[in-house]
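Observations on the three-dimensional arrangement
Given next are the chains, with one letter for each unit.
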Amino acid sequence: MTERAGPSCYPLRAHVPTPGSGAPADSDGAALVTPRGPVIPQERLRNFSIIAHIDHGKSTLADRLLELTHTVEGRQMMSQVLDSMDLEREKGITIKARAVRLEYTARDGRTYGLNLIDTPGHVDFSYEVSRSLQACEGAILVVDAAQGIEAQTLANVHLALREGLTIIPVLNKIDLPSAQPEVVMEELENVLAIPREEVILASAKDGTGVPDILEAIVERIPPPHGDASAPVKALIFDSHYDQYKGVVVYVRLAHGTLHDHDTIRLMASRAEAELLELGFFRPQLVAVKQLRAGEVGYVATGLKSVRDAQVGDTITAARRPASEPLPGYQEAKSLVFAGLYPLSGEDYPLLRDALEKLHLNDASFTYEPESSIALGFGFRCGFLGLLHMEIVQERLEREFDLDLIASAPSVEYRVELTHGRGALAVDNPALLPSVSEIEVIEEPWVTLNIVTPSSYIGALMELSTSRRGAFLGMEYLDPQRVLLNFEMPLAELIVDFYDQLKSRTQGYASMDYEEAGYRPANLVKLDVLVNGEPVDALSLITHRDKAPTVGRQLTEKLKELIPRQMFEVPIQAAIGSNVIARETVRAMRKNVLAKCYGGDITRKRKLLEKQKEGKQRMKRVGSVEIPQDAFLAVLRMGDS
Amino acid sequence: MEPDATEVPVPRPPVGLYVHVPFCVSLCPYCDFVVLAGAAARGPRSRLASFVSALATELELRADRLDGAFGPPGSAGRPALASVYFGGGTPTLLPAGEMASLLARVRERYGIVPGAEITVEANPGPAERGDPAGLARAGVTRLSVGAQRMDRAELRRLGRRHDPDDVADAVRAARGGGIGSIGLDLLYDIPGDSGAAWASTLDRALALAPDHLSLYALTLDDPGAEGLTGPAGDHLPTTAGARRWRERSRPQQDEDRAAEQYEHAVERLAVAGFDGYEISNWAQPGHASRHNLIYWRGDAWEAAGPGAHAFDGRTRRWNAARLDGWTAALAGGPGRAPALPPGGHEEVGATAAAAERVVLALRTERGVPAAVASVPPLVDALRWALDAGLLTTTADDRVVLTTRGRLLSNELFSRLV
């Protein structure tokens, strides 16, 4: 991680008064559309993103651009300005896309409007990256001058090229003693065909090269095109919910001019709303009178449901609507599924409300009610990836003060039933039909790109083989580093592949993956039975060859974790009725307070109360009490 | 007193008195009691003299309060004490003469019924066992000896200095001195323990013909972690050495072994004619500790000395553990009258108090009347325990723990609190 921010004190989304409620009114109204300067004509607008591998300095560069253009004054400046979520600051990653309007007076003496649209940097969020990129004409590609190209660098560049964006390559951190700009420029040239003369050498930390980056934005990135007098077409690329302003959507205006008194129509949902406010991000919301073709800004819709103003929908003006919407986006696709359950059953309504509220700000996860014998009532949730799952769980726990338990993550299987009775999608192993009803099971595969020092090739080959991976090929980035390509079932990737990748390469390797369709596989459902009762939350789908090993590991681990009960408890792993592994938790023999005299009574009562609380926190399977930790530990189990 | 959930507790006068004497020749690494050792306990810098004087003051001040609340001893509302118990520490480090004058003051200010049980805890080493004949003359009727084990190597492993022969000598001296009831404390589930080693300790202890046996599974607690060692806490902080010893010993304990050792003791002591009248206590007929029964029956008792706990039927009160603060308050000073020492108290709500009474009563062989087991809110837990074989109903319609129930009693008790 790079530099860490202090406490979150900067009001990123401070409530700015709307015009008419005491806002700074400009004397000549529409002529001044920003509080700080005149209307900037379309040819002086530039819309761009910064793309980078995690930790290569994206957020620091964004901070520097904000500072240099006086968008954020020094006294308000803190690191990672655009990462307003505590979680983002702690993890040093960007989770949500953000946008900010910079005003920059270039060396030609003219003032340009630069819209920086921030992008998340983790593989799970490439969907959000591509959304952001569609609102841009250019992208700054930040590469760490010491680390060189990483997997995410490649993935992001490919996304940007797919969108036809102009790329400004920047070698960051050239102030580091370990920086090797020559080597990395060679890599860029060989692997991405980026000519070295286009590369800007910079240090976002000390400011070196940042003015050149601003000039390059103006010179190299084309202005947006689009007809300001045509009917309004604005693409929603993100949204958040504000309790006063309703759904606030982030838009890129493709055509037309949107006025602050317009009634808007959402072309897909057909919802109409009198818009409450529109404006720019600086980075807090600053209201303006109009947004014109090519601009990036926000529209406060007053709508109460994000479903009425979904990301990817097109906004038009009701008075002169456009006939066709913009192409929009593919819907975010959940790849990883898990059940989220409240630790104590009475928190279920709280969890439901929390999911609803969180979903307003993160529409990329899905949730629907489910119930489990072991865990009670909860929700089956779909996530973009494991990190996304971790983040959603953590946000629910922190922002809504919930204690949650998650079942083992799963992918979505496709099951073709026997006797032509159709097919179904299964994302919860407990719901897999019995063996006799299944004709074929198919599982999702991914192609995997790993960038690693070449000394770890052997270790990574071994890792991917153990995960049913197939080697596709490799390419040397430079004499020391190599790009490896594998194919692998997604289910094998989501267990703890990333952790294993990092630990087997001392943290040097990076990875990225893309979906590669469904393939049939010899998969079985492995059930875990505690005292003869199946624990639905622990059921998992695994390859038949791996089932005995997984079954043994599961039962051994559970034996360690399930405390002794008043009776002997058998733990079994079974495929159908065929038990493939068994352990026994012996009966408890002794749980007694040896001494209980006058001075012990208060103390011992407290001890008993603690034991009672401990029991209440346990989940019951039949008559067996299982601590939450057992489920969590099984979740974390991987092959070591 | 029988437990009754509907009863509203009112303060009652004490029928027993506990006096804590916080000195030992050396500290045992497993012991959590309030104890000072070394120079504080023996020699020219010993703090025994100032302790005795402060103790006398506390006994007076506490008696004054009881006089105010219940009238003078012997009056209708103020029964004389049926039991006085000197615990420690090693109370036998106090000279027998001091003990005699303390008891005389207690008799005067609290009253002591004829035939009362007057217990002193003792350690068996020659330098610490005191003068049993002198104690007997002072009125002491019962000696509780910390034998722990009857094997030299095992005693060393426990950090004890005495030898098994010392235990025999102490018992002999007590008998010869005229102490009428002698108890031994023993420990099982110690590091490196075995069934055979335990059986041998038990046999060698029985060979000394004790009247009473307390058998404790070694318990390695951390009072600091329980929040009991603060300035007003009733425990002293555990020393670093003791902490290390406990950490080393914990993995050497074994639940199954301990259960087998307990079960062995139950059988062996029944054969020897002992009555297991409480989870950890066995006695020959007529030798059950009347003092400890006060605790388990929910009767009221008074207490004095650092870290000592008292109960008046409604409020549990304790003195802070630190000797300095305790002594300073009681000694008074220029312009400052002697005052009761710092400490804490706790009033247990009616429901919790009822549960507590059931838990304590179930620790004893008398258990609770079957009628109690059918009253909410305890009925579910008690029915569960009957079904699980932890409880059984006796011929005289009482509900008591089975042997298995004693070993697993927390499984029931944690459902009752």
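Figured I'd write up the structure that's included with this text. Model, not experiment: these values are computed from the prediction.

Scoring rules and cut-offs
- Residues numbered from 1 in each chain as written.
- Chains lettered and ligands numbered in written order.
- Predicted model: local features only at pLDDT ≥ 70, side-chain atom pairs only at ≥ 80, totals over all residues.
- Heavy atoms only, no water.
- Helix = DSSP H or I, 4+ residues; strand = E, 2+ residues; numbered from the N terminus.
- Buried < 20%, exposed > 50% of the residue type's maximum accessible area, 1.4 Å probe, protein only.
- Contact = heavy atoms within 4.5 Å.
- Areas by Shrake-Rupley, 256 points an atom, 1.4 Å probe, with all protein chains shown as cover.
- Patch = residues over 30% accessible without salt bridge, like charges linked within 9 Å, V, L, I, M, F, W, Y side chains within 5 Å.
- Salt bridge = Lys/Arg side-chain N within 4 Å of Asp/Glu carboxyl O.
- Pairing = 2+ DSSP bridges.
- Axes fitted to C-alpha atoms, helices over the stretch in contact; angles between N-to-C directions.
- Polar contact = N/O pair within 3.5 Å; in protein donor to acceptor, adjacent residues only side chain to side chain.
- Core = buried A, V, L, I, M, F, W, Y, C linked by side-chain atoms within 4.5 Å.
- Domains from an automatic or database assignment.
- Parallel < 35°, antiparallel > 145°, perpendicular 65-115°, else oblique.
- Left-handed = near helix turned anticlockwise from the far one by under 90°.
- Arc of directions from axis to C-beta.
- Phe/Tyr/Trp six-rings, centres within 6.5 Å; stacked < 30°, edge-to-face > 60°.
- Buried area = accessible area lost by both parts, 1.4 Å probe.
- Nonpolar A, V, L, I, M, F, W, Y, C, P; charged D, E, K, R; others polar.

**A few points about the overall build of chain A**
For chain A, the count of helices and strands is 13 helices and 33 strands. Classification of the 640 residues of chain A by burial places 58% in the buried group. Across chain A, every contact between residues at least 6 apart in sequence was considered, and the portion connecting residues at least 24 apart equals 71%. Looking at chain A as shown, the accessible area adds up to about 25900 Å², and 49% of this sits on carbon and sulfur atoms.

**Quick look at unusual backbone geometry**
Negative phi is the rule for most residues except glycine; trans is the rule for most peptide bonds. Of the consecutive residues Gly88 of chain B and Gly89 of chain B, the connecting peptide bond is found in the cis state with omega at 15°. Within the fold, Gly89 of chain B resides in the loop between strand 2 (81–88) and helix 2 (96–110). Unlike most non-glycine residues, Arg270 of chain A shows phi in positive territory, near 65°. Secondary-structure assignment places Arg270 of chain A in the loop between strand 10 (263–266) and strand 11 (272–274). By relative accessible area, Arg270 of chain A is classed as exposed at 70%. For Gln506 of chain A, which is not glycine, the phi dihedral falls at a positive 50°.

**Digging into a nonpolar patch on the surface**
A cluster of nonpolar residues, Phe471, Met474 and Tyr476 of chain A, forms a patch on the protein surface that exposes about 310 Å² of accessible area. Along the chain, the position of Tyr476 of chain A falls in strand 24 (residues 470–478).

**So, the pairing of strand 15 (residues 296–300) of chain A**
All names here are of chain A. In terms of burial, strand 15 is largely enclosed, as 5 of its 5 residues are buried. Burial along strand 15 is two-sided: the residues Val296, Tyr298 and Ala300 and Gly297 and Val299 are all buried. Where strand 8 (residues 246–255) lies against strand 15, 5 bridges are found, and the strand directions are antiparallel. When the sheet's bridge partners are listed, Val248 is paired in strand 15 with Ala300. In the sheet, strand 12 (residues 277–281) pairs with strand 15 via 3 bridges, with the strands oriented antiparallel. Directly across from Glu277, in strand 15, lies its bridge partner Ala300.

**Quick notes on the sheet that holds strand 18 (residues 366–372) of chain A**
Residue and element names in this part refer to chain A. Strand order in this open sheet of 4 strands is 18-19-17-20, and the pairing throughout is antiparallel. Looking along the sheet, the strands with just one partner apiece sit at the ends: strand 18 and strand 20 (404–406). Taken pair by pair, the neighbouring strands of this sheet meet at an average axis angle of 30°, ignoring direction. Bridge count for strand 18 against strand 19 (residues 376–383) is 7 bridges, and the pairing is antiparallel. Each bridged residue has a counterpart across the sheet, and for Tyr367 the counterpart in strand 19 is Cys381.

**A few points about the side chain of Glu492 of chain A**
Residue and element names in this part refer to chain A. Residue position: Glu492 is located in helix 10 (residues 490–504). Note on Glu492: relative accessible area 8%, which makes it buried. Looking at Glu492, its side chain comes within polar contact range of the side chain of Arg468, at 2.9 Å. Setting aside its immediate chain neighbours within four residues, Glu492 contacts Ser466, Arg467, Arg468, Phe497 and Lys546.

**A look at the nonpolar core**
With 95 residues, the main nonpolar core has Leu215, Leu412 and Leu416 of chain B as its most contacted residues. At 10 residues, helix 1 (residues 48–70) of chain B tops the list of elements feeding residues into this core. Counting contributing residues, this core receives three or more from each of domain 1 (16–296) and domain 2 (349–417) of chain B. Core analysis: the next-biggest nonpolar cluster, separate from the first, contains 48 residues, Leu358, Leu432, Met488 and Ile541 of chain A among them.

**Things to note about the packing of helix 9 (residues 457–466) of chain A against helix 10 of chain A**
All names here are of chain A. One way to put it is that helix 9 packs onto helix 10 with a least axis distance of 11 Å and a crossing angle of 165°. Classed by the angle they form, the pair helix 9 and helix 10 counts as roughly antiparallel. The chirality of how helix 9 crosses helix 10 is right-handed. Within the contact between the two elements, helix 9 uses Ala459, Leu460, Glu462, Leu463, Ser464 and Ser466 and helix 10 uses Glu492, Phe497, Gln500, Leu501 and Arg504.

**A closer look at the environment of Asp203 of chain B**
One can find Asp203 of chain B in helix 6 (residues 195–206). Here the side chain of Asp203 of chain B touches Arg268 of chain B through a polar contact of 2.8 Å, side chain to side chain.

**Examining helix 10 (residues 323–331) of chain B**
All names here are of chain B. Of all the residues in helix 10, the buried ones are Leu323, Trp326, Thr327, Ala329 and Leu330. The buried side chains of helix 10 occupy one side of the element, clustering within an arc of 165° when seen end-on. Exposed side chains of helix 10 directed beyond 90 degrees from the buried face belong to Asp324 and Ala331. Tucked inside the fold, the buried residues of helix 10 contact helix 1 and strand 11 (315–319). Gly332 occupies a position one or two residues after helix 10 and carries a positive phi of about 70°.

**Notes on the packing of aromatic side chains**
Ring pairs (aromatic) are described by centroid distance and by the angle formed between their planes. Tallied over the entire structure, the rule returns 20 aromatic pairs over all chains. Taken together, a centroid distance of 6.3 Å and an interplanar angle of 85° make the contact between Tyr597 of chain A and Tyr216 of chain B edge-to-face. Taken together, the residues Tyr597 of chain A in the loop between strand 31 (578–585) and helix 12 (601–616) and Tyr216 of chain B in strand 6 (residues 212–217) connect one chain to another. For the pair Tyr597 of chain A and Tyr216 of chain B, one class covers both residues: buried. On the numbers, 6.5 Å between centres and 45° between planes, the contact of Tyr188 of chain B with Tyr262 of chain B is tilted.

**Some thoughts on the interface of chain B and chain A**
Each partner contributes residues to the interface: chain B has 48 residues there, and chain A has 28 residues. Carbon and sulfur atoms make up 51% of the area that chain B and chain A hide from each other, which totals about 3500 Å². In this structure, the salt-bridge partner of Arg589 of chain A is Glu260 of chain B, at a minimum N-O distance of 3.4 Å. Where chain B touches chain A, the interface holds 26 residue pairs in polar contact (both at pLDDT 80 or more). Breaking the side of chain B that touches chain A down by element, the ones donating at least two residues are strand 6, helix 8 (255–271), helix 9 (290–297), strand 11, helix 11 (350–363), helix 13 (403–407) and helix 14 (409–416) of chain B. Tallied by class, residues from the side of chain B that touches chain A come to 22 nonpolar, 10 polar and 16 charged.

Shape is all these values report; function is a separate question.
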